[in-house]
Amino acid sequence: VREAVADIDEEVLRLNRVVTDVLDFAKPLRFDLAPTDVNEVCGVSAAAATAERADPAIGLALDPALPAIVTDGERLRAALVNLLANARHAIDARRAQATAPPPDTVGPPVELTTAAAPDGGVLIVVRDHGIGIEAADLPRVFEPYFTTRRAGTGLGLAITRNIIEGLGGTIAIASQRGVGTEIRIELPGRAAGSEDRPS
Ligand SMILES: Nc1ncnc2c1ncn2[C@@H]1O[C@H](COP(=O)(O)OP(=O)(O)OP(=O)(O)O)[C@@H](O)[C@H]1O
Ligand SMILES: [Mg+2]
């Protein structure tokens, strides 16, 4: 009985997450803008992504000279958690296939990097040495409901793109099957509309 209850519990959590994702995707996003330490958001996101299990590990390479930007830290955290979850799934998938990472691979399987960008903005990179994406799938990964995972909803990247673009930023993906994936996010120093808000 205890085992069955644990299964039910887990399934309720999963369904709750699916419903939250679908609602998040369906409704227009509202942003709460404030001066934000993006390095801190990265640290919190990595901790959240690894809370249930530490492996695959996420390495942080955070630029100590990163400027604070006016953005929505809570939305940004949600976006990064989605990307880090995808990266960790890609590592799991590679391990399940027992394919070795590229021979020149160094460092942690997943890495989250920040750097100052021109015009007071920031660059955030999520890189993994996971299974990578088939060339034919790559143009579709941001489409809502596109998934190759049995337990996937296919909303993670669609929601992430909504958030980043809603914050006035850009998101780009590069991936090679068997090599890994890199997501580059650029965020402006001030999200659109932030100058209209009283301080
Ligand atoms: N880092 C990655 N490495 C390999 N494939 C990836 C990566 N990120 C995304 N993908 C591919 O893009 C698809 C869509 O990703 P997305 O996050 O939108 O949905 P999902 O992870 O399948 O489900 P969920 O809604 O739970 O996030 C994935 O199913 C996977 O095929
Ligand atoms: Mg996902």
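Residues numbered from 1 in each chain as written. Chains lettered and ligands numbered in written order. Predicted model: local features only at pLDDT ≥ 70, side-chain atom pairs only at ≥ 80, totals over all residues. Heavy atoms only, no water.

A. Structural detail: the sheet that holds strand S7 (residues 180-187). Taken together, the five strands give an open sheet; going across it, the order is S2-S4-S5-S7-S6, and neighbouring strands pair in mixed fashion. Edge positions in the sheet fall to strand S2 (58-61) and strand S6 (170-176), since each of these pairs with one other strand and no more. Neighbouring strand axes in the sheet, compared pairwise and without regard to direction, differ in orientation by 15° on average. By the bridge criterion, seven bridges tie strand S5 (residues 122-128) to S7 in an arrangement that is antiparallel. Its bridge partner lying in S7, Leu123 is registered against Glu186. Against the sheet, helix H2 (residues 38-49) makes contact with S2, strand S4 (110-116) and S5, and its axis sits at roughly 175° relative to S2, the strand it touches most. Across the sheet, helix H4 (residues 156-166) is in contact with S6 and S7; its angle to S6 comes to roughly 145°. (Pairing = 2+ DSSP bridges. Helix = DSSP H or I, 4+ residues; strand = E, 2+ residues; numbered from the N terminus. Axes fitted to C-alpha atoms, helices over the stretch in contact; angles between N-to-C directions. Contact = heavy atoms within 4.5 Å.)

B. Structural detail: a negative patch on the surface. Residues Glu3, Asp7, Asp9, Glu10 and Glu52 make up a contiguous surface patch of negative charge. Turning to its location among the elements, Glu3 is positioned in helix H1 (residues 2-26). On the basis of relative accessible area, Glu3 is assigned to the exposed category, the value being 66%. (Patch = residues over 30% accessible without salt bridge, like charges linked within 9 Å, V, L, I, M, F, W, Y side chains within 5 Å. Areas by Shrake-Rupley, 256 points an atom, 1.4 Å probe, with all protein chains shown as cover. Salt bridge = Lys/Arg side-chain N within 4 Å of Asp/Glu carboxyl O. Lys, Arg positive; Asp, Glu negative; His and termini not counted. Charge placed at Lys NZ, Arg CZ, Asp CG, Glu CD. Buried < 20%, exposed > 50% of the residue type's maximum accessible area, 1.4 Å probe, protein only.)

C. Structural view of H4. Taken as a whole, H4 has its buried residues at Gly156, Leu157, Ala158, Ile159, Thr160, Ile163 and Ile164. In this fold, the buried residues of H4 make contact with H1, helix H3 (73-97), S6 and S7. Once H4 finishes, Gly168 follows within two positions and takes phi at roughly 85°, a positive value.

D. Up close: the environment of His129. Here His129 shows up in the loop between S5 and H4. His129 sits in the buried class, given a relative accessible area of 16%.

E. H2, seen in detail. Here H2 contains 12 residues, and its C-alpha end-to-end distance of 16 Å stays within 8% of the 16 Å for a straight helix at 1.5 Å per residue. Along H2, the residues that are buried comprise Val38, Asn39, Val41, Cys42, Ser45, Ala46 and Ala49. The arc enclosing the buried residues of H2, seen along the axis, measures out at 155°, which places them on a common side. (Expected span 1.5 Å × (residues − 1). Arc of directions from axis to C-beta.)

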